[in-house]
Amino acid sequence: MHVLALRLALSHLRQKPFSRIVVISSMACILLMNAMVFLLFQSFSSSLAEVRSARFMTAYLEPTLAPAREAEVLSAVKKIPGVGSAQLVSRDAFLSNFSKYFPQLSDAVSTLEADTIPRYVKVKVSGENEAGVQSRLQTVHGVEMVELNQHRYAGLIGALSTLRKLALALIGGMSTALLCILLNHFKLGSSFQTQVRKTLSVLGARPSHILLPFAIEGLIEGALGGALAAGLLLAYGRLFESQMNELFAAIGYHPYHFELLGLALVLAMVGTLSGMTGSLWAAVRIAKR
């Protein structure tokens, strides 16, 4: 019976090859887009958790401090209890960042006097006593003022939260679209399904054996779509990862490494199960009419 079911499924797969290619390609595209959106969701979730848990201070250096002593101030800041990390932004670094984001104003800023260009240390607080860290920073020789950036990233937190919700909505919408495509596709084979059911019933097949050809048909189509999506993810996933890391590096966060192999296996499995489920659902619905 299993061999007969396989032959019936393969014989039906040979019919309407163009429409099947379109369905398999559409399935692969939707699965691939879902994977990309899921990677975005992971990135936004990680960044949101980091921004919410982190507390930052800005320690502005005295204008009269010699550039040669900037490293000494940075070293003193890093030794303060409660300081998780510290990054010096010198005049040259400030001008470089400014010209990167505002190239039309870079020439005007470069003509300003050196004392008017800020130099500061970006401090990440790892302890709970922010006031204590702030008071210790004020005592460091060469530090003019310490600013507590308690609500500085409120807008970023709101934006990341909205992007996470949008990513979830996109995943749900594209998954629904995939199911609709598969269900409508398999419903078009109602005449073949009726013929197979009648033939197998005459041969005395059990109800589970009658559904077996449709399960195999959907499994093969779903596996092809899932495998195509998995291959595209492995081929172009690293390019997507590098572009995402450039984005997060631009706003000051560490790069992320995506586990593409595991996600590719999940895509192949989801495609296989979706195809088999859609085919069986259509067969059962038509049998009840």
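See above for the structure.
Model, not experiment: these values are computed from the prediction.

**Remarks on the nonpolar core**
Grouped together as the largest cluster of nonpolar side chains are 28 residues, with contacts concentrated most on Leu31, Met36, Leu39, Leu178, Leu182, Leu233 and Leu267. If you list the elements that add at least two residues to this core, you get helix 2 (17-53), helix 7 (154-187), helix 9 (207-250) and helix 10 (260-287). Not counting the four nearest positions on each side in its chain, Leu178 is found in contact with Met27, Ile30, Leu31 and Ser274. In this structure, Val77, Val123, Val133 and Val146 belong to the second largest nonpolar core, which totals 18 residues.

**Re the sheet that holds strand 3 (residues 120-125)**
With respect to topology, 4 strands assemble into an open sheet ordered 2-3-1-4, the strand pairing being antiparallel. The sheet terminates laterally at strand 2 (83-89) and strand 4 (143-148), the two strands that pair on one side only. With direction set aside, neighbouring strand axes in the sheet form an average angle of 20°. When strand 2 meets strand 3, the two strands line up antiparallel, connected through 6 bridges. Note that in strand 3 the partner of Ser85 across the bridge is Lys124. Taken strand by strand, helix 3 (residues 70-78) contacts strand 1 (55-61), strand 2, strand 3 and strand 4, and its axis lies near 165° from that of strand 2. Across the sheet, helix 6 (residues 130-138) touches strand 1, strand 2, strand 3 and strand 4, and the angle it forms with strand 4 is around 165°.

**As for helix 6**
Within helix 6, burial applies to Glu130, Gly132, Val133 and Leu137. An end-on view of helix 6 places all buried positions within 165° of arc, on one side of the element. Buried positions along helix 6 lie against strand 1, helix 3, strand 2, strand 3 and strand 4.

What counts, and where the lines are drawn
Residues numbered from 1 in each chain as written. Predicted model: local features only at pLDDT ≥ 70, side-chain atom pairs only at ≥ 80, totals over all residues. Heavy atoms only, no water. Core = buried A, V, L, I, M, F, W, Y, C linked by side-chain atoms within 4.5 Å. Buried < 20%, exposed > 50% of the residue type's maximum accessible area, 1.4 Å probe, protein only. Helix = DSSP H or I, 4+ residues; strand = E, 2+ residues; numbered from the N terminus. Contact = heavy atoms within 4.5 Å. Pairing = 2+ DSSP bridges. Axes fitted to C-alpha atoms, helices over the stretch in contact; angles between N-to-C directions. Arc of directions from axis to C-beta.

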